[in-house]
Amino acid sequence: MDGERGTTKIWPGGTGPATTSQAQKNCSCIKPSPQPVYHVQAVAPLSSRRRHAATMAATAPAEALPDPCPTAADSSPPPPTPEELVARAVAPVKAAFLRPPPVRDTPTNEESRVSGAVPLEKKSKRQFRRERKQEQESVSRLCVAVGKTGNADACKYGASCRFSHDVDAYLAQKPADLEGTCPFTVLEQSCQYGLTCRFFGTHKDNLAPSENHEINPLSKDIQKLLWKTKYKFPRASAQIKHLGLKEVMKIKANATTDDKRADHDNPDVSCELNGDDKTESLGSPPVNVEHDSSLCEEMDNLGGEPLVDNSVPCVVPRASKKSKVEGSGSDDTKVYPEDPSSLNGLEVPSDSTSSCRVDLVTTPHLREKKIIDFREKLYLAPLTTVGNLPFRRLCKTLGADITCGEMAMCTNLMQGQASEWALLRRHSSEDLFGVQICGAFPDTVARTVELVDNECSFDFIDINMGCPIDVVVNKGAGSSLLNKPMRIKSIVQASSAVTNRPLTVKVRTAFFEGRNRADSLVSDIYNWGASAITIHGRSRQQRYSKLADWDYINQCAQKAPDDLHVIGNGDIFSFTDWNRHVSGSSKISTCMIARGALIKPWIFTEIKEQRDWDITSDERLDILKDFVRFGLEHWGSDTKGVETTRHFLLEWLSYTCRYIPVGLLDVVPQRLNWRPPSYCSRDDLETLMASDSAADWVRISELLLGKVPEGFTFAPKHKSNAYDRAENG
C-alpha cells in the first residue's frame, strides 16, 4: 500500500534491497537460484524513496549507469549433455526427436469424460435400484441359454427367467459386429456366447465345443458354505489353539459350554479355546487326515507323548453337545461342526477301532514340503489390476518363468466373494503359479490358507506384508505388519502348519523411511516356516519414489539362512539391471519384476536373450493384439467382455506410454526413474503409443476393439509416483 507509512518488503537472496549490480544478477533472463532464501526488511515510506531515487539519478555519472539486460541469445546456456540429463533423471532423447510440449486446448465435455476429469453425478440408492431394474428388463440382457442356442425355448426357467428371451428385439438393438474373427473360431472351437458375440458373423458350424483352460473356479457349493459361514477349518483352528493365539475372526458353530480345559492325563476332556467360555469339541476329524491304529499303538507305548513336538494335544473324540451360544444368529458367533462324520459336505470315514490319540495338526517339516527352486527364474510380480490372467498369459509367451495371481484379501475370500476368487484363477500355461493373499490376523490368514489349499491348484502361496495402500494398511494388514514382528511370526507359523505347499512372504524394507526392519526378519522367518522372502527395496512411506535400496537387500541376503530364498524387487528394467543383482557372488536367488513388466513386458525376452530389444511399433501392436485376444477368451466376446477387455487394456496403456524406444536414446538402457521429455517418435503409431493422454489411449483401444460406447468414461486407477504425507513419519 502506497503512503507515508512504513511498509514491509521481501527481498530474495540478500539482506536488503538489491543494488545496481544485484539487479543485473537478478535479471529475469538469468536463471535464479533454485532455492532462494527470503529475508524480511523494513522499507522507508514511498515518498522518501522517490525523492532519494531522483537525487541519486541526478548526481550519478553516466559511466555508473547499469548495462542493459543481456539478450536471450547471448545468455542461452548450451544444451545439457546426456550425462547431465541422466543425473537429473531426465531421459536423454536424441535432439532430432525432441519437440516442444503440445499445447492442448481446453477439453470438451466428451474428452473430459474420457479422461475422467468430470466427476460423475452422485446417485441415490433409489436411482441405482431403478437403473438396475431397467437394465434387467432391457432386451439387451439376453438370456445366456437363449443367446447360446438362438432358441427362445432353450431356457429351463421359462417365463420366470429374469432375462429377456426376445431374440428379434435383441438383434435389432445389438451393435454392429467388430472387425476381425471370433477368438474361439480361431481356435476351431464353437463360441459359447452365440448370438451375443461381437464377432457373430465369423462363426462356423460343426465346430468342437470350447475348452476351458482356466483352473481354480469357485464352486457354488463351496460359495454357499462360505456365505453361511459353515465351512470347517479343522487344521487352522487346531493350530491356532496350539500356538495359544486369540481368534479374531469368529465363525458360526455349535459349541459346548460345559467342556473343560484339556488335560494330557485325562483324554476325556476337551480343549478350551484360549481361556474363552466358548469351547470347541475336537471330535470331528480334520480333512485329509486318516485314523492310523498303528500310530495310536505307538503313542500308547510312548506313554501318550505326541510324536511331533509342535502337534496339538491328542484328545478322545466324543459327540458334541448342543448349547446356547452368545449372540446366536449374528456373524460374530462361533458355530462348530454339528455332524462329526461330515466336513465341508464331504463324508469322513469313521473308525471305531482307532484310538482317540490322533494328531490333529502335524506341522510338516520344511524338508517334507514341496521345494521350488527360485534361483535365476524370471518372476513376474503379483500386480494389482493389471496383473490379470490375460496379462500373465502374455508374459508367459514372452519368457516369464514364474507367475503369481493378484493380491486377494483374506476376509473377502472367506466371505465367498466371486470377484475376489476370480483373482485366484490360473491358466493352464502357467506351469509355476502362486497365489497371493493379504490379511491382518493369524487366524484369518491361517484359515484362508487352509481354504485355498483345499479348493485351488497352485504351486506356492505368498503372504503380502508390504502393500502400501491406505485401505489395506488401515486394517492392520500389508506393510503395517512391519511394525508388529510378533504378529508376523504368528501368521507365518500358523499358515505354514496348515499346508504342505511352500509359503513365501513379501515385505518392504520398513514402514517408516530410515527405520529398516527387514534384516531382523530374514534370520528367523525360515525357522517360522517360510521358504522364501521377497524384499521390495523401498519403505511404505516412500511408496514408489526414489530408487530401490539394493545395498540393503544384499545386506538382508547375507544374513539369511542358506536354505531361505531371498528375492529382490525394485527397478528391474533391463537385462543389465538383472545381471547386476543376480550374479554369481550375490546371495539373491532371483529378482521379481513388477513395473518393468508393465511398461515393457518383453523384458523377459531381453533378459533371456541378453540384449536391448529395439522393438518396432508394429511388433508392439502385435503384443497388444495378443492381450486383446487373451482378454476376449477370458472375459468373453460379448459386449460386456469387450468393454471389460478395453478397460484393462487402457489401464495397461497408462504404463506402456512411459516406454522410450531404444533407437531414440543417447544412453541405453532406459532407467525406470527417467522422466521422458516431449518427443516425436519414428512413426505415427509409435508417437501415439508414447502419448500420456487418456484420449490417445482410447484411440489405440479403438484400433483393436472398435469405437467406445456412448457415455464412455475412463480414469487410470493407479498413481504409482505418490509420496506419502509427512504425518506418516
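Residues numbered from 1 in each chain as written. Predicted model: local features only at pLDDT ≥ 70, side-chain atom pairs only at ≥ 80, totals over all residues. Heavy atoms only, no water.

To continue, consider the overall build of the protein. Scanning the protein for helices and strands turns up 28 helices and 14 strands. Looking at the 729 residues of the protein, the share that counts as buried comes to 47%. Taking contacts inside the protein between residues at least 6 apart in sequence as the whole, the part at least 24 apart equals 73%. Total accessible area on the protein stands at roughly 37900 Å², and carbon and sulfur atoms take up 50% of it. (Helix = DSSP H or I, 4+ residues; strand = E, 2+ residues; numbered from the N terminus. Buried < 20%, exposed > 50% of the residue type's maximum accessible area, 1.4 Å probe, protein only. Contact = heavy atoms within 4.5 Å. Areas by Shrake-Rupley, 256 points an atom, 1.4 Å probe, with all protein chains shown as cover.)

Another point: a positive patch on the surface. Together, Lys 125, Arg 126, Arg 129, Arg 130 and Arg 132 give the surface a local cluster of positive charge. Inspection of the secondary structure puts Arg 126 in helix H6 (residues 125–137). Arg 126 sits in the exposed class, given a relative accessible area of 60%. (Patch = residues over 30% accessible without salt bridge, like charges linked within 9 Å, V, L, I, M, F, W, Y side chains within 5 Å. Salt bridge = Lys/Arg side-chain N within 4 Å of Asp/Glu carboxyl O. Lys, Arg positive; Asp, Glu negative; His and termini not counted. Charge placed at Lys NZ, Arg CZ, Asp CG, Glu CD.)

Bringing the sheet that holds strand E14 (residues 590–593) into the picture now. Taken together, the eight strands give an open sheet; going across it, the order is E6-E14-E13-E12-E11-E10-E9-E7, and neighbouring strands pair in parallel fashion. In this open sheet, the two edge strands, each paired with only one partner strand, are strand E6 (379–380) and strand E7 (403–409). Here helix H16 (residues 442–455) sits on the sheet and contacts strand E9 (433–438) and strand E10 (460–465); the angle it forms with E9, its principal contact strand, is near 150 degrees. Its contacts with the sheet put helix H21 (residues 550–559) on strand E12 (532–536), strand E13 (565–569) and E14, and the angle it makes with E13 is roughly 175 degrees. (Pairing = 2+ DSSP bridges. Axes fitted to C-alpha atoms, helices over the stretch in contact; angles between N-to-C directions.)

Turning to its location among the elements, Leu 171 is positioned in helix H8 (residues 167–173). Along the chain, Leu 171 and Leu 142 lie 29 residues apart, while their C-alpha atoms are 9.8 Å from each other.

This part takes up the packing of aromatic side chains. By the definition in use, this model includes eleven aromatic pairs. Ring geometry for Phe 511 against Phe 512: centres 4.8 Å apart, planes inclined by 80 degrees, an arrangement best described as edge-to-face. The exposure class of Phe 511 is buried, given its relative accessible area of 10%. With relative accessibility at 22%, the residue Phe 512 sits in the partly exposed group. Three or more aromatic residues joined by ring pairs form one cluster here, namely Phe 374, Tyr 379 and Phe 460. For the cation-ring pair, Arg 501 lies above Phe 458, with the distance from its terminal atom to the ring centre recorded as 4.3 Å. (Phe/Tyr/Trp six-rings, centres within 6.5 Å; stacked < 30°, edge-to-face > 60°. Lys NZ or Arg CZ within 6 Å of the ring centre and 35° of its normal.)

Over its 14 residues, H16 extends 20 Å from the first C-alpha to the last, a length consistent with the 20 Å expected when each residue adds 1.5 Å. Among the 14 residues that make up H16, twelve are buried, leaving the element largely enclosed by the rest of the structure. (Expected span 1.5 Å × (residues − 1).)

Here we come to the pattern of salt bridges. Counted by the stated rule, this structure contains 28 salt bridges. A salt bridge links Lys 587 to Asp 562, with the shortest nitrogen-to-oxygen separation between them at 3.7 Å. Placement of the pair is Lys 587 in the loop between helix H22 (575–581) and E14 and Asp 562 in the loop between H21 and E13, with a sequence separation of 25 residues. In this structure Lys 587 comes out as partly exposed when scored by relative accessible area, which is 31%. Among the salt bridges present, the one from Arg 629 reaches Asp 626, with a minimum N-O distance of 3.3 Å. Placement of the pair is Arg 629 and Asp 626 together in helix H25 (residues 617–635), with a separation of three residues, close to one helical turn. By relative accessible area, Arg 629 is classed as partly exposed at 31%. Sharing partners across several salt bridges, the network here consists of Arg 235, Glu 450, Asp 453 and Arg 501.

Bringing the side chain of Ser 654 into the picture now. The residue Ser 654 is located in helix H26 (residues 639–656) in this model. The exposure class of Ser 654 is buried, given its relative accessible area of 10%.

In this model helix H18 (residues 485–496) runs 16 Å from its N-terminal to its C-terminal C-alpha over twelve residues, within 8% of the 16 Å that 1.5 Å per residue would give. What H18 keeps buried is the set Ile 488, Ser 490, Ile 491, Val 492, Ala 494, Ser 495 and Ser 496. Buried residues belonging to H18 abut helix H11 (234–243), H16, E10, strand E11 (503–508), helix H19 (519–522) and helix H20 (525–528).

Looking now at the pairing of E13. Most of E13 is tucked away: five of the five residues are buried. With burial as the criterion, each face of E13 is covered, one bearing His 565, Ile 567 and Asn 569 and the other bearing Val 566 and Gly 568. Across five bridges, E12 lies against E13 in parallel orientation. In the sheet register, His 536 faces E13, and the bridge partner there is Asn 569. At this point the chain moves from E12, through H21, to the parallel E13, and the crossover so formed is right-handed. (Right-handed = clockwise from strand over helix to strand, strands pointing away.)

Quick look at the packing of helix H13 (residues 389–397) against H25 now. Two numbers describe how H13 lies on H25: the axes approach to 8 Å, and their chain directions differ by 135 degrees. As summarised for this structure, H13 and H25 are arranged oblique, according to the angle between their axes. Both H13 and H25 take part in a crossing whose hand is right-handed. Contacts between H13 and H25 involve Leu 389, Pro 390, Phe 391, Arg 393, Leu 394 and Thr 397 from the former and Ile 623, Asp 626, Phe 627, Phe 630, Gly 631, Glu 633, His 634 and Trp 635 from the latter. (Parallel < 35°, antiparallel > 145°, perpendicular 65-115°, else oblique. Left-handed = near helix turned anticlockwise from the far one by under 90°.)

What follows is about the environment of Phe 199. Mapped onto the elements, Phe 199 comes out in the loop between helix H9 (183–186) and strand E3 (214–215). For Phe 199, a relative accessible area of 5% gives the class buried. For the pair Phe 199 and Thr 181, spaced 18 residues apart in sequence, the C-alpha separation works out to 6.1 Å. Ignoring sequence-local partners within four residues, the contact set of Phe 199 consists of Asp 177, Leu 178, Glu 179, Gly 180, Thr 181, Cys 182, Pro 183, Leu 632 and Ser 637.

For any two helices packed against each other, the geometry is given by the interaxial angle and the distance between the axes. At a minimum axis distance of 10 Å, the contact between H26 and helix H28 (residues 694–705) shows a crossing angle of 140 degrees. For the element pair H26 / H28, the angle class is oblique. The interaxial crossing formed by H26 with H28 has right-handed handedness. Of the residues in H28, those in contact with Val 642, Thr 645, Arg 646, Leu 649, Leu 650, Leu 653 and Ser 654 of H26 are Trp 697, Val 698, Ile 700, Ser 701, Glu 702, Leu 704 and Leu 705. Here the residues of the contact of H26 with H28 sort into nine nonpolar, three polar and two charged. (Nonpolar A, V, L, I, M, F, W, Y, C, P; charged D, E, K, R; others polar.)

Okay, the pairing of E10 next. With six of six residues buried, E10 is to be regarded as a mostly interior element. Of the pairings in the sheet, the one linking E9 to E10 comprises four bridges and is parallel in character. Bridged to Val 435 within E10 is Ile 461. Following the backbone out of E9, through H16 and into the adjacent parallel E10, one traces a crossover that is right-handed. Bridge count between E10 and E11: five bridges; the pairing is parallel.

Another point: the confidence of the model for the protein. The predicted coordinates of low-pLDDT regions are not to be read in fine detail. Averaged over all residues, the pLDDT of the protein is 76; the fraction at 70 or higher stands at 68%. Contacts of residues 115–119 to residues separated by more than four positions or lying in other chains number seven contacts, the stretch itself having pLDDT below 50. Confidence over residues 252–342 falls short of pLDDT 50; this stretch has 168 contacts with residues more than four positions distant or in other chains. (pLDDT = per-residue confidence, 0-100.)

Mapped onto the fold, Pro 709 is located in the segment after H28. Separated by 66 residues in the primary sequence, Pro 709 and Glu 643 place their C-alpha atoms 8.7 Å from one another.

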